[in-house]
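So the chains spell out like this:
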Amino acid sequence: SGVAADWDSVNGDATVADSFNVASVTDDGTGEYRHNLTSAMSNADYSIGASCVGFIRHIIAASTNASVVDVDTFSNVDVRQDAENRIQVFGDLA
């Protein structure tokens, strides 16, 4: 329907500041976050938008399965750094 099926804003310590359709966010290590969706997507082929706050050079967001989005944040090419991050997921819910 053209609206986000999930969105969230997460602090660097994986505390959820605000969200829609997010059960929890897990801190999997420095610069590694697992966003667990409340309601699953219809499959793992959905679109993800992601952004960070601060001195982050790049962010990687990937669908692990229909219920999980993994996010990694980096301050340099190969140096993970904790960072406030936001994701938006677009696609069909199951």
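This report concerns the structure included in the present document. Sequence positions are assigned chain by chain, starting from 1 and proceeding in written order. The predicted origin of the model limits local features to residues at a pLDDT of at least 70 and limits the giving and counting of side-chain atom pairs to 80 or more, whereas totals for whole chains, interfaces and linings rest on all residues. Excluded from the side-chain calculations are hydrogens and water; all other atoms, namely the structure's heavy atoms, are used.

### Some details on the side chain of Asn 21
- By the element assignment, Asn 21 lies in the loop between strand S2 (16–20) and strand S3 (22–29).
- Polar contacts, as used here, are pairs of N or O atoms within 3.5 Å; protein pairs need one atom able to donate a hydrogen and one able to accept it. Residues neighboring in sequence count only if both atoms are side-chain atoms. A polar contact of 2.7 Å, which involves the side chain of Asn 21, links it to the backbone nitrogen of Ser 39.
- For Asn 21, the residues in contact, after removing those within four places along its chain, are Ala 5, Asp 6, Leu 37, Thr 38, Ser 39 and Leu 93. Strands here mean DSSP runs of E at least two residues long; helices mean DSSP runs of H or I at least four residues long; both are numbered from the N terminus. Working rule for contacts: check all heavy atoms of both residues, and any pair within 4.5 Å makes them a contact.

### Some remarks on the nonpolar core
- Val 25, Met 41, Val 69 and Val 89 are the most contacted members of the largest nonpolar core, which totals 13 residues.
- Mapped onto this core, the elements with two or more residues apiece are S3, strand S4 (32–37), strand S7 (68–76) and strand S9 (85–90).
- Setting aside chain neighbours within four positions, we find Val 89 in contact with Ala 4, Ala 5, Asp 6, Met 41, Tyr 46, Ser 47 and Val 69. What makes a nonpolar core is a set of buried Ala, Val, Leu, Ile, Met, Phe, Trp, Tyr and Cys residues whose side-chain atoms join them at distances within 4.5 Å. Note on classification: 1.4 Å probe, protein chains only; a residue is buried when its accessible area is under 20% of the maximum for its type, exposed when over 50%, partly exposed between these limits.

### Considerations on the pattern of salt bridges
- Just to be clear on terms, a salt bridge is a Lys or Arg side-chain nitrogen sitting within 4 Å of an Asp or Glu carboxyl oxygen. On inspection of all chains with the given rule, the structure shows 4 salt bridges.
- With a shortest N-O distance of 3.0 Å, Glu 32 and Arg 80 are connected by a salt bridge. Of this pair, Glu 32 sits in strand S4 while Arg 80 sits in strand S8 (residues 79–80), and the two are 48 residues apart along the sequence.
- Residue class for Arg 80 comes out partly exposed when judged on its relative accessible area of 31%.
- The salt bridge partner of Arg 86 is Glu 84, with a shortest N-O separation of 2.7 Å.
- Overall, Glu 84 belongs to the partly exposed group, its relative accessible area being 25%.

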